Amino acid sequence: MDNLENMKRAIDYIEENLVGEIEYPKIAQIALCSQYHFKRMFVFLIGIPLSEYIRRRRLTMAALDLQNTDDKVIDIAVKYGYSSADAFSRAFQGMHAVTPSQARKKDVRLKVQPRVSFALSLKGVIEMNYRIVEKKSFFDCWYKGTVFLCRGSRRKCWENVEQCFREIDGEAAAFS
């Protein structure tokens, strides 16, 4: 449970510092592990690298600022850690598929990277009743993407499949 709480605190630190500098050693310190270990855990749990998550979160917040304020694009770019409007515009367009200027317009669709949250989910806690039942053997036959389960010999199985498709082909010919 402590590891989960440490990860939550590390995410809180990231979210609180999206505007400004995020220090990776500080994140690792909060999570009580090495930078290397934290980055590996993050990718394993979230599915994207930490740097990509931070970039997407900043671009999501920048999109909200563009839509809800009259701040200049360069000011928003600098606020979220970009050194130039061009670099910000390329990154913004890469994520949202529109330019920052177009994002100010009404009814523009933008992508959102939601904040990561952790929840503990336990499975297998409820006991299961089971029984082992012995059944007669069967063969499965594949024909034109269809599976047939047959009891008995393989020869009988294929004879049944061939008969079935003769009937299907006959019905299809009657419709044409």
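Up top is the structure.
Cut-offs applied
- Residues numbered from 1 in each chain as written.
- Predicted model: local features only at pLDDT ≥ 70, side-chain atom pairs only at ≥ 80, totals over all residues.
- Heavy atoms only, no water.
- Phe/Tyr/Trp six-rings, centres within 6.5 Å; stacked < 30°, edge-to-face > 60°.
- Helix = DSSP H or I, 4+ residues; strand = E, 2+ residues; numbered from the N terminus.
- Buried < 20%, exposed > 50% of the residue type's maximum accessible area, 1.4 Å probe, protein only.
- Polar contact = N/O pair within 3.5 Å; in protein donor to acceptor, adjacent residues only side chain to side chain.
- Contact = heavy atoms within 4.5 Å.
- Core = buried A, V, L, I, M, F, W, Y, C linked by side-chain atoms within 4.5 Å.
- Salt bridge = Lys/Arg side-chain N within 4 Å of Asp/Glu carboxyl O.

Q: Even after reading the chapter, I still don't get the packing of aromatic side chains, so can you show me in this structure?
A: Think of a pair of aromatic rings as described by two things: how far the centres are apart, and how the planes are tilted against each other in angle. Counted under the stated rule, the structure contains four aromatic pairs. Seen from their ring centres, Phe38 and Phe42 are 6.1 Å apart, and the 35 degrees between their planes marks the pair as tilted. With Phe38 and Phe42 both in helix α3 (residues 35–46) and four residues apart, this pair spans about one turn of that helix. Look at Phe42 and you get buried, because its relative accessible area is 0%. An aromatic cluster is built from Phe38, Phe42 and Tyr53, whose rings are joined through pairwise contacts.

Q: Whenever I open this one, the side chain of Asp65 confuses me. Can you help?
A: Here Asp65 shows up in helix α4 (residues 50–68). Judged by relative accessible area, which is 13%, Asp65 ranks as buried. A distance of 2.8 Å separates the side chain of Asp65 from the side chain of Tyr80, its partner in a polar contact. Ignoring sequence-local partners within four residues, the contact set of Asp65 consists of Ile76, Lys79 and Tyr80.

Q: So what exactly am I meant to see when it comes to the nonpolar core here?
A: The nonpolar side chains of soluble globular proteins are, as a tendency, buried together. Ile14, Ile22, Ile27, Phe38, Leu50, Tyr53 and Ile54 are the most contacted members of the largest nonpolar core, which totals 20 residues. Elements that contribute at least two residues to this core include exactly α1 (2–16), α2 (24–31), α3 and α4. Per element, the largest residue contribution to this core is six residues, and it comes from α1. Setting aside anything within four residues of it in sequence, one finds Phe38 in contact with Met7, Ala10, Ile27, Ala31, Cys33 and Leu50. By size, the runner-up hydrophobic cluster in this structure holds 14 residues, among which are Leu66, Ile76, Tyr80 and Ala91.

Q: What is the right way to look at the pattern of salt bridges in this model?
A: Proximity of charged atoms lets side chains of opposite charge pair with each other. All chains considered together, the criterion is met by six salt bridges. For Arg57, the salt bridge identified is with Glu15, shortest N-O distance 2.7 Å. On the criterion of sequence distance, the pair formed by Arg57 in helix α4 and Glu15 in helix α1 is long-range, its members being 42 residues apart. This pair shows no difference in class: Arg57 is buried, exactly as Glu15 is.

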